[in-house]
Amino acid sequence: MKTAAVYIRVSTEEQAEYSPDSQLAEAKAYAERNDMIISPDHVYTDVGISGRKANKRPAFMRMVAEAKGKPSPFDVILVWKFSRFARNQEESILYKNLLKKECDIEVVSISEEVGDSVFGSLIERIIEWMDEFYSIRLSEEVTTKMTFAAERGQILSIAPFGYSKKPDQPMVI
């Protein structure tokens, strides 16, 4: 029986379908089907943090540090999707290789099973590349929309303290 850690990440509070609770429930179901044990001490969660930079995700960095312990406290890391592990292909490859070579720990996507063959590795790299591409495109789209709104004089944030703001209305003290 393998011991599994679970890494959970959501970029925004609004991602209900990817909520930490739903990701954990899926991971527990996967672990049960695949004869794995998940210790509550090894569930790592970063909420409201982008997956583009590992060093900005404290739970991720803690998980990697604990994985390096001798002996490692877990044999596998479960993620809901590879995009939860990282949205940067270079860092994804770096951390997966570190975990595999130094700790003999696999990272497993419970919803994107790619297998152990050379083709599985290729598919995993394609998924990682697509996740990074999506993140870059999303950033560009958000910047474009925010620029457009600012050029039209729209307010891009919540009203500051002491003001109220209704949709399509100016701020009121």
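One can find the structure itself at the top, above this paragraph.
All values derive from a computational prediction rather than experimental measurement. (Residues numbered from 1 in each chain as written. Predicted model: local features only at pLDDT ≥ 70, side-chain atom pairs only at ≥ 80, totals over all residues. Heavy atoms only, no water.)

A.B. asks: Before we go on, may I ask you to explain the overall build of the protein in this structure?
C.D. replies: Looking only at helices and strands, one finds 5 helices and 4 strands in the protein. In summary, the protein has a C-alpha radius of gyration of 19 Å against a globular reference of 16 Å for 173 residues, an excess of more than 25%. Considered along the principal axes of its C-alpha atoms, the protein spans approximately 60 × 35 × 25 Å. When each of the 173 residues of the protein is scored for burial, the buried share is 35%. For the protein, long-range pairs separated by at least 24 residues make up 68% of all intrachain contacts whose partners lie at least 6 apart in sequence. (Helix = DSSP H or I, 4+ residues; strand = E, 2+ residues; numbered from the N terminus. Rg over C-alpha atoms; globule rule 2.2 N^0.38 Å. Buried < 20%, exposed > 50% of the residue type's maximum accessible area, 1.4 Å probe, protein only. Contact = heavy atoms within 4.5 Å.)

A.B. asks: Could you clarify how one ought to interpret the pattern of salt bridges in this entry?
C.D. replies: Pairing is possible between side chains of opposite charge, provided their charged atoms come close. Per the stated rule, a full pass over the model turns up 3 salt bridges. Close ionic contact of Arg62 with Glu66 constitutes a salt bridge, the shortest N to O distance being 3.8 Å. On the criterion of helical spacing, the pair formed by Arg62 and Glu66 is a turn pair, its members being 4 residues apart in helix α2 (residues 58-67). Note that Glu106 and Lys100 form a salt bridge whose closest N and O atoms lie 2.9 Å from each other. Of the residues examined, Glu106 reaches a relative accessible area of 37% and is grouped as partly exposed. Shared partners join several salt bridges into a network, and the residues in it are Lys100, Asp104 and Glu106. (Salt bridge = Lys/Arg side-chain N within 4 Å of Asp/Glu carboxyl O.)

A.B. asks: Which parts of the structure should I look at to understand helix α4 (residues 89-103)?
C.D. replies: The periodicity of an α-helix, 3.6 residues per turn, causes residues three or four positions apart to be oriented the same way. Here α4 spans 20 Å end to end across 15 residues, near enough to the 21 Å set by a 1.5 Å rise per residue. N-cap assignment for α4: the residue whose side-chain oxygen lies 3.0 Å from the backbone N of Glu90 is Asn88. (Expected span 1.5 Å × (residues − 1). Polar contact = N/O pair within 3.5 Å; in protein donor to acceptor, adjacent residues only side chain to side chain.)

A.B. asks: I tried to follow a nonpolar patch on the surface on my own but got confused; where do I start?
C.D. replies: Together, Leu122, Ile123, Ile126, Trp129, Met130 and Phe133 give the surface a local cluster of nonpolar side chains, amounting to about 590 Å² of exposed area. Residue placement: Leu122 occurs in helix α5 (residues 118-151). Of the residues examined, Leu122 reaches a relative accessible area of 47% and is grouped as partly exposed. (Patch = residues over 30% accessible without salt bridge, like charges linked within 9 Å, V, L, I, M, F, W, Y side chains within 5 Å. Areas by Shrake-Rupley, 256 points an atom, 1.4 Å probe, with all protein chains shown as cover.)

A.B. asks: Help me understand the sheet that holds strand β1 (residues 2-10), please; the structure alone is not making it clear to me.
C.D. replies: Neighbouring strands of a sheet are bound in pairs by backbone hydrogen bonds; such pairs are parallel or else antiparallel. Strand order in the open sheet formed by 4 strands is β2-β1-β3-β4, with parallel pairing between adjacent strands. Edge positions in the open sheet fall to β2 (36-47) and β4 (106-109), since each of these has one partner strand only. Averaged over all pairs of adjacent strands, the angle between strand axes in this sheet comes to 25°, irrespective of strand direction. Looking at chain direction, strand β3 (residues 76-79) and β4 are connected through 4 bridges and run parallel. Each bridged residue has a counterpart across the sheet, and for Ile77 the counterpart in β4 is Val107. In the packing of α2 onto the sheet, the strands contacted are β1, β2 and β3, and the crossing angle to β2 comes to about 145°. (Pairing = 2+ DSSP bridges. Axes fitted to C-alpha atoms, helices over the stretch in contact; angles between N-to-C directions.)

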